[in-house]
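The lines below spell out each chain.
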Amino acid sequence: MKRLLALSLVVALTCSGCSLLGRFFTAEEDENDSFLAWDGMEKYEEGDYKGAKKSFEKIKDWYPYSKFAMLAELKVADSHYKLGEYEEAIFAYEEFENLHPRNEVIPYVVYQIGRCYYAQIDTPDRDQEKAKRARDTFVRLMATYPDSDYSVKAREYYNKSLKTLAESEFGIGLFYYKSKHYRAALQRFKSVIERYPDMGVHQKALEYIVLTEDRLAMSTPEP
């Protein structure tokens, strides 16, 4: 019964925030785990994410079998996210997903993992590993939970991740073209067409395919 209450609390709080927390407390519930849960949510809603994280971590460490333990696990991850501690947030969200794979908030958790990767995406001329991870995470969310509201939200970030990857691929092709490595450039431009259609660089890639093929026709094979 306590586990069921904890599940209901996590789902409600994820959707509605601190305002719903009070209805789960009674006058008799004055134990430390209850106080820490209330204190953590209050601080979280006030924007004191460090303070909130500290309260939720205490629940995890001191009361691992508390009915608020699941709430604490989730809100530690959320606090890391709000603080811009994205790698720590990813670890905490993934830990939650591994521990509670059938929990009703898992679509939200996967969405947040994707948002963490998305927040770390660099400019198109830099390494795009985070963009790839964001893309893959949003794909997993949309494929596994197609009816979730979070899958709808994920679509926008998925497309933005693809746009960054398309711009990066085109930029690499342009670098090769200017360096007169035309075969490598042609491969990159064609990759943009095949893998990232309608991402804003499709037309430019087509133009450079023509230019690159012309250069190849006029030049001797590259060593």
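Residues numbered from 1 in each chain as written. Predicted model: local features only at pLDDT ≥ 70, side-chain atom pairs only at ≥ 80, totals over all residues. Heavy atoms only, no water.

1. Focus: the overall build of the protein chain
Link 1 in the chain: Regarding its fold elements, the protein chain presents ten helices and zero strands.
Link 2 in the chain: Taken from N to C terminus, the helices and strands of the protein chain fall in the order α-α-α-α-α-α-α-α-α-α.
Link 3 in the chain: In the protein chain, buried positions account for 46% of the 223 residues.
Link 4 in the chain: Contacts spanning at least 24 positions in sequence make up 54% of the contacts within the protein chain whose residues lie at least 6 apart.
Link 5 in the chain: Accessible surface for the protein chain amounts to roughly 12600 Å². Of this, 50% is attributable to carbon and sulfur atoms. (Helix = DSSP H or I, 4+ residues; strand = E, 2+ residues; numbered from the N terminus. Buried < 20%, exposed > 50% of the residue type's maximum accessible area, 1.4 Å probe, protein only. Contact = heavy atoms within 4.5 Å. Areas by Shrake-Rupley, 256 points an atom, 1.4 Å probe, with all protein chains shown as cover.)

2. Notes on the packing of aromatic side chains
Link 1 in the chain: Within this structure, the stated rule accounts for 14 aromatic pairs.
Link 2 in the chain: Summarising the aromatic geometry, the rings of Tyr111 and Phe138 are spaced 6.4 Å apart at their centres and angled 55° between planes, so their arrangement reads as tilted. Taken together, the residues Tyr111 in helix H6 (residues 106-119) and Phe138 in helix H7 (residues 129-144) connect sequence positions 27 residues apart. With respect to class, Tyr111 is no different from Phe138; both count as buried.
Link 3 in the chain: Considering the side-chain rings of Tyr177 and Tyr182, the 5.6 Å spacing of their centres and the 65° angle between planes classify their relative orientation as edge-to-face. (Phe/Tyr/Trp six-rings, centres within 6.5 Å; stacked < 30°, edge-to-face > 60°.)

3. Considerations on the packing of helix H3 (residues 49-62) against helix H4 (residues 69-82)
Link 1 in the chain: Direction vectors running N to C along H3 and H4 enclose 150°, while the axes themselves pass 8 Å from each other. By the angle between their directions, the pair H3 and H4 is classed as roughly antiparallel. The hand of the H3/H4 crossing is left-handed. Residue-level inspection shows Tyr49, Ala52, Lys53, Phe56, Glu57, Ile59 and Lys60 of H3 in contact with H4, the latter providing Ala69, Leu71, Ala72, Glu73, Lys75, Val76, Ser79, His80 and Lys82. (Axes fitted to C-alpha atoms, helices over the stretch in contact; angles between N-to-C directions. Parallel < 35°, antiparallel > 145°, perpendicular 65-115°, else oblique. Left-handed = near helix turned anticlockwise from the far one by under 90°.)

4. Quick notes on H7
Link 1 in the chain: Between its terminal C-alpha atoms H7 stretches 22 Å, which fits the 22 Å expected from 16 residues at 1.5 Å a residue.
Link 2 in the chain: For H7, the complete set of buried residues consists of Ala131, Ala134, Arg135, Thr137, Phe138, Leu141 and Met142. Considered in projection along H7, the buried side chains sweep an arc of 165° and stay on one side of the axis.
Link 3 in the chain: Against the buried residues of H7 lie H6, helix H8 (149-178) and helix H9 (182-195). (Expected span 1.5 Å × (residues − 1). Arc of directions from axis to C-beta.)

5. Looking at the side chain of Ser148
Link 1 in the chain: Summarising the element assignment, Ser148 is placed in the loop between H7 and H8.
Link 2 in the chain: Relative accessible area serves as the criterion here: at 15%, Ser148 is assigned to the buried category.
Link 3 in the chain: At 3.0 Å, the side chain of Ser148 and the backbone nitrogen of Tyr150 are in polar contact. (Polar contact = N/O pair within 3.5 Å; in protein donor to acceptor, adjacent residues only side chain to side chain.)

6. Observations regarding the side chain of Ser66
Link 1 in the chain: Relative to the helices and strands, Ser66 is located in the loop between H3 and H4.
Link 2 in the chain: Using a relative accessible area of 8% as the deciding quantity, one classes Ser66 as buried.
Link 3 in the chain: Of note is the side chain of Ser66, whose polar atom sits 2.9 Å from the backbone nitrogen of Phe68.
Link 4 in the chain: Look past the residues within four positions of Ser66 in its chain and what remains in contact with it is Asp33 and Ile59.

7. Considerations on the environment of Val110
Link 1 in the chain: Tracing the backbone through its elements, the reader meets Val110 in helix H6.
Link 2 in the chain: Spatially, the C-alpha atoms of Val110 and Arg140 are 8.2 Å apart, while their sequence positions differ by 30 residues.
Link 3 in the chain: What Val110 contacts, discounting residues up to four positions off in sequence, is Glu97, Thr137, Arg140 and Leu141.

8. Structural notes on the pattern of salt bridges
Link 1 in the chain: For the structure shown, the criterion picks out eleven salt bridges.
Link 2 in the chain: The shortest N-O distance in the salt bridge between Asp136 and Arg135 comes to 3.0 Å.
Link 3 in the chain: Among the ionic pairs, Glu169 bridges to Arg188, the shortest N-O distance being 3.1 Å. Residue Glu169 is located in helix H8, and its partner Arg188 is located in helix H9; the two are separated by 19 residues in the primary sequence.
Link 4 in the chain: Take Glu169: its relative accessible area is 10%, and that puts it in the buried class.
Link 5 in the chain: A relative accessible area of 26% means that Arg188 is categorised as partly exposed. (Salt bridge = Lys/Arg side-chain N within 4 Å of Asp/Glu carboxyl O.)

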